[in-house]
Amino acid sequence: MAAFSCMLGSAAAQKINGTLTVEKIMRDPQWIGSSPSQPVWSRGGDTLYFLWNPDQKEADSLYFITLKNRVPQKAGTALQQYRPSRTNYVYNLARNQFVYEKYGDIFFMDTRLGYTKRITQTTDYESNPGFSFSDQKIVYLRSGNLYAWDITSGETTQLTNIGSSASSNPPPRKGREEVWLEQDQIAQFDVLRQRRALRDSSEAYRKTFETEKPLRYIQVREGTVRNLSISPDGRFVGYNLVSPAHPKNTFVPNYVTESGYTSSIPSRNKVGSEQPVSVLYFFDRQRDTVFTLQIDSIPGIRELPDYLKDYPDVLEKRKIANQKRSIFVHSVSWSPKGKNAVIEIHSADNKDRWLMRWIPDRNELKLLDRQRDEAWIGGPGIHSGSTGWINEDIFWFQSEESGYSHLYTINVNTLVRKQLTQGPYEVQDARLSENKEYFYITTNEVHPGEKHFYRLGIANGKKEKISSATGANLVTLAPGEKHIAILHSYSNQPWELFLQENKAGAHPQQISFAAKSEEFQSYPWRDPDLISFKASDGATVFARIYKPSHPHPNKPAVLFVHGAGYLQNAHRWWSSYFREYMFHNMLADNGYYVMDIDYRGSAGYGRDWRTGIYRHMGGKDLGDHVDAVQYLVSQYGANPDHIGLYGGSYGGFLTLMGMFKYPGVFSAGAALRPVTDWANYNHGYTSNILNEPYNDSLAYYRSSPLYFADGLKGHLLVCHGMVDVNVHYQDAVKLSQRLIELGKENWELTGYPVEDHGFVEPSSWTDEYKRIFKLFERVLKE
């Protein structure tokens, strides 16, 4: 264990001595210890690299172990440059060659011959390498165009000529007046006719020696070319042309600056603003033709959303217009040999996801799968590119059609579809094995609050559970698939690194031991009870309970509302809200019951739970918290007159809604960095849930705390970073003005001049949570 001798630093001699304080909790997180992160295997699968900081340095360092020596060693400078990239290696069909990008250059390795060749070494940045032309060439991206390196000859060829550089621009088109004048000049002057004839003759003679046509120039007049890709046979080049939007962007004032002058931080636009338009184009290199998709054949392309029924006049106008909806192409996926292609298309309103088979020769689209959701398309694996090919004809994907995200396959020729997983749980991660006979999946099948790793046989459907430890198991699979690295944690145990054989029943070996400092371990951190209760509408809500050993006579209770909306916190792993976790232990030490629930809209519970907040944030999600109070009262004897709640971001928003809409339930609330008016927030998140403000004003009215502020009766604390570029400080300012105009007195606003949405400075964390604790002590214990 000599390798860990200095891992605890100065914290080793310190003890919490059983008494938690805000000052102790909110220090720099290094006092807790150091968890390993970002494990990545070497190409041969015999060495595992990871980032770690057991020495309490300024930043993490690179460590490694080998299968023969499993004691972590710090990598020296010479070894660090050979650390493999976290991006995937791209193999040929025979899996005896692969290509990858590193240092902005492209590298090729032949495993049969055992050599690596650096294909490029330029000042340009090359990326996105892959095999094409029947695995005979390596294609990569450079300066917005595709290039091909021939494996046999070593020759490099430019495949596309997209852009507007002067050297490759075609001559500008002539106007009609120019054409007429040129023809008139030729007709009038013999010398001009003779010179043109000589020039044309010379050009014709030169062309007799050309072996290839000149590279076609594809001019982009307006927009940005993205996602350049090529078919495995090298014939078709696909790319997205993204036309720019011109929305009005916001800015955030920055008051505390080195110059002493107030500066403006550029920020995002607001929900409903103009969005970029993306169009997929294909360049057929064989026919020298550029074309786009014919989208009229997409089922439901003119379908209107159900919410328009609340706006009859608008619905009637939209029916008469019968316009096609805007779409964007998420990906183009070619089968291994290029026989088939599947195009994943999403509607701009995010209520449809289509998987379409594309027939290039006829430019036809044939439907393979349509997932329609009147709320919005989402869930694990739906937007993450979790799709691929098992062979030339079988395509795999994930869908929430059953109510939970599961694995499916479909034969693109016969349209025979097969569901590989099923049940009331989510497939949260999926990857195909190297031999394409198995899937390796991570699910929450054992319990919604756990993550486990499985091997799933494609032919027989047999599923083997590989991980065994209770909690979360985040797995990195080694090349060759004989070993796995596991980042594991439990409710009161931070992440540690383990190594295990990739088979059921294998024993995981712990590699790291410094995730917890001696000071951190000197306190008996609670393992909160993971329970469930019935909401008033019959739904099952999962929650964590922190119970006091000695409840205060007033039996106060606090509800913590996690942020992000679509996030899970009632689980059995080390929370990203680790500061709040420690604060909840402190509250329990001071006689409070603390409850942390995965309300409607949280992650981990399937489609209906995920979309339970559609068109009404602060509806069912807030109702779940009101029902949680009833559970605390009935099961633990909590005093219904001494209930507080707090949370940040979405949790701050729900805190405001609770204080404004249920003043008889919540006596005190701390809303941290809250959204107060959803019309102020960004487009991508908000439009999914509430549509656009000018299309669905009802949804925004019933979801924004600003309209319910008159209901405030309890004691409210609002804390907000003043340079927050996510939820702008403007939200807190607007709410303040509203409360002033309403004559409310029992509230206060604290601004943090140097903090963004996620606080950084320990002093800010400390000040904020001292105020929260003081609020609860003053109100809930009186």
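Shown above is the structure to which this text applies.
Residues numbered from 1 in each chain as written. Predicted model: local features only at pLDDT ≥ 70, side-chain atom pairs only at ≥ 80, totals over all residues. Heavy atoms only, no water.

Draft legend 1. Representation of the overall build of the protein. From N to C terminus, the protein includes 14 helices and 44 strands. Relative to the globule expectation of 28 Å for 782 residues, the C-alpha radius of gyration of the protein, 30 Å, shows essentially globular dimensions. Taken over the C-alpha atoms alone, the protein extends approximately 110 × 70 × 60 Å along its principal axes. Going through the 782 residues of the protein one by one, you find that 53% of them count as buried. In the protein, the proportion of contacts linking residues at least 24 apart, taken out of those at least 6 apart, comes to 57%. Summed over its atoms, the accessible surface of the protein is roughly 35900 Å², and 50% of this surface lies on carbon and sulfur atoms. With 88 positive and 87 negative side-chain charges, the protein shows a separation of 3 Å between the mean positions of the two kinds. (Helix = DSSP H or I, 4+ residues; strand = E, 2+ residues; numbered from the N terminus. Rg over C-alpha atoms; globule rule 2.2 N^0.38 Å. Buried < 20%, exposed > 50% of the residue type's maximum accessible area, 1.4 Å probe, protein only. Contact = heavy atoms within 4.5 Å. Areas by Shrake-Rupley, 256 points an atom, 1.4 Å probe, with all protein chains shown as cover. Lys, Arg positive; Asp, Glu negative; His and termini not counted. Charge placed at Lys NZ, Arg CZ, Asp CG, Glu CD.)

Draft legend 2. Representation of the side chain of S602. Positionally, S602 belongs in the loop between β40 (593-597) and α8 (607-610). Judged by its relative accessible area of 1%, S602 is buried. Side chain to side chain, S602 and H562 meet in a polar contact 2.9 Å long. Within the structure, S602 has its side chain in polar contact with the backbone oxygen of Y599 (distance 2.7 Å). In this view, S602 contacts H562, G565, Y566, L567, W609 and R610; residues no more than four positions away in its chain are not counted. (Polar contact = N/O pair within 3.5 Å; in protein donor to acceptor, adjacent residues only side chain to side chain.)

Draft legend 3. Here's a closer look at the packing of helix α7 (residues 578-589) against helix α14 (residues 762-780). Viewed as axis vectors pointing N to C, α7 and α14 meet at an angle of 35 degrees, and their least axial separation amounts to 12 Å. Remark: the crossing between α7 and α14 carries right-handed chirality. Each of R579, E580, F583, M586 and L587 in α7 lies in contact with α14, whose residues at this interface are W765, Y769, I772 and F773. Classifying every residue of the contact of α7 with α14 by side-chain character gives 7 nonpolar, no polar and 2 charged. (Axes fitted to C-alpha atoms, helices over the stretch in contact; angles between N-to-C directions. Left-handed = near helix turned anticlockwise from the far one by under 90°. Nonpolar A, V, L, I, M, F, W, Y, C, P; charged D, E, K, R; others polar.)

Draft legend 4. How the structure looks around the sheet that holds strand β24 (residues 364-372). An order of β21-β22-β23-β24 is seen for the 4 strands of this open sheet, with the pairing classed as antiparallel. Each edge of the sheet is formed by a strand with only one pairing partner; in this case those strands are β21 (327-334) and β24. Across the sheet, the mean angle from the axis of one strand to that of its neighbour is 25 degrees, orientation sign disregarded. The pairing of strand β22 (residues 341-347) with strand β23 (residues 352-359) spans 6 bridges and is antiparallel. Paired with H346 across the bridge in β23 is R353. (Pairing = 2+ DSSP bridges.)

Draft legend 5. The arrangement of the pairing of strand β35 (residues 493-501) in detail. When you tally the buried positions in β35, you get 7 out of 9 residues, the bulk of the element. Across 7 bridges, strand β34 (residues 483-490) lies against β35 in antiparallel orientation. Within the sheet, the bridge partner assigned to A485 lies in β35 and is L499. Taking the residues that link successive antiparallel strands as the turn, the β34-β35 hairpin has 2 residues. Across 2 bridges, β35 lies against strand β36 (residues 509-510) in antiparallel orientation. Across the sheet, L499 pairs through a bridge with Q509, a residue of β36.

Draft legend 6. Layout of helix α13 (residues 729-741). Taking 1.5 Å of rise per residue, 13 residues should cover 18 Å, and α13 covers 19 Å from first to last C-alpha, within 8% of that figure. Buried within α13 are the following residues: Y729, D731, A732, L735, S736 and L739. End-on view of α13: buried residues confined to an arc of 150 degrees, all on one side of the axis. Against the buried residues of α13 lie α10 (650-661), β43 (715-721) and β44 (747-752). (Expected span 1.5 Å × (residues − 1). Arc of directions from axis to C-beta.)

Draft legend 7. The packing of aromatic side chains, seen in detail. In total, this model carries 54 aromatic pairs according to the counting rule given. Centre to centre, the rings of Y681 and Y685 are 5.9 Å apart; their planes meet at 85 degrees, and the pair counts as edge-to-face. Y685 gets classed as partly exposed once you look at its relative accessible area, which sits at 24%. Grouping aromatic residues by their ring pairs yields a cluster made of F560, Y577, F583, Y646, Y752, F759, W765, Y769 and F776. Here the basic side chain of R95 rests over the ring of Y91, its NZ or CZ set 4.0 Å away from the ring centre. Positioned over the ring face of Y147 is R142, at 4.7 Å from the centre of the ring. (Phe/Tyr/Trp six-rings, centres within 6.5 Å; stacked < 30°, edge-to-face > 60°. Lys NZ or Arg CZ within 6 Å of the ring centre and 35° of its normal.)

Draft legend 8. Representation of the packing of helix α9 (residues 620-636) against α10 within the structure. Close contact between α9 and α10 brings their axes to 10 Å; oriented N to C, the two are set at 70 degrees. As the angle between them shows, α9 and α10 are arranged roughly perpendicular. For α9 against α10, the interelement crossing comes out right-handed. Seen from α9, the contacting residues are D621, L622 and H625; seen from α10, they are Y650, L654, M657, G658 and K661. Taken together, the residues that form the contact of α9 with α10 break down as 4 nonpolar, 2 polar and 2 charged. (Parallel < 35°, antiparallel > 145°, perpendicular 65-115°, else oblique.)

Draft legend 9. Representation of unusual backbone geometry. Although it is not a glycine, Q38 adopts a positive phi angle of roughly 50 degrees. Relative to the assigned elements, Q38 resides in strand β1 (residues 37-41).

Draft legend 10. Here's a closer look at a nonpolar patch on the surface. There is a patch of nonpolar side chains on the surface, built from F189, V191 and L192 and spanning about 220 Å² of accessible area. Among the structural elements, L192 can be located in helix α4 (residues 190-207). Taking the relative accessible area as the measure of exposure, L192 reaches 30% and is therefore partly exposed. (Patch = residues over 30% accessible without salt bridge, like charges linked within 9 Å, V, L, I, M, F, W, Y side chains within 5 Å. Salt bridge = Lys/Arg side-chain N within 4 Å of Asp/Glu carboxyl O.)

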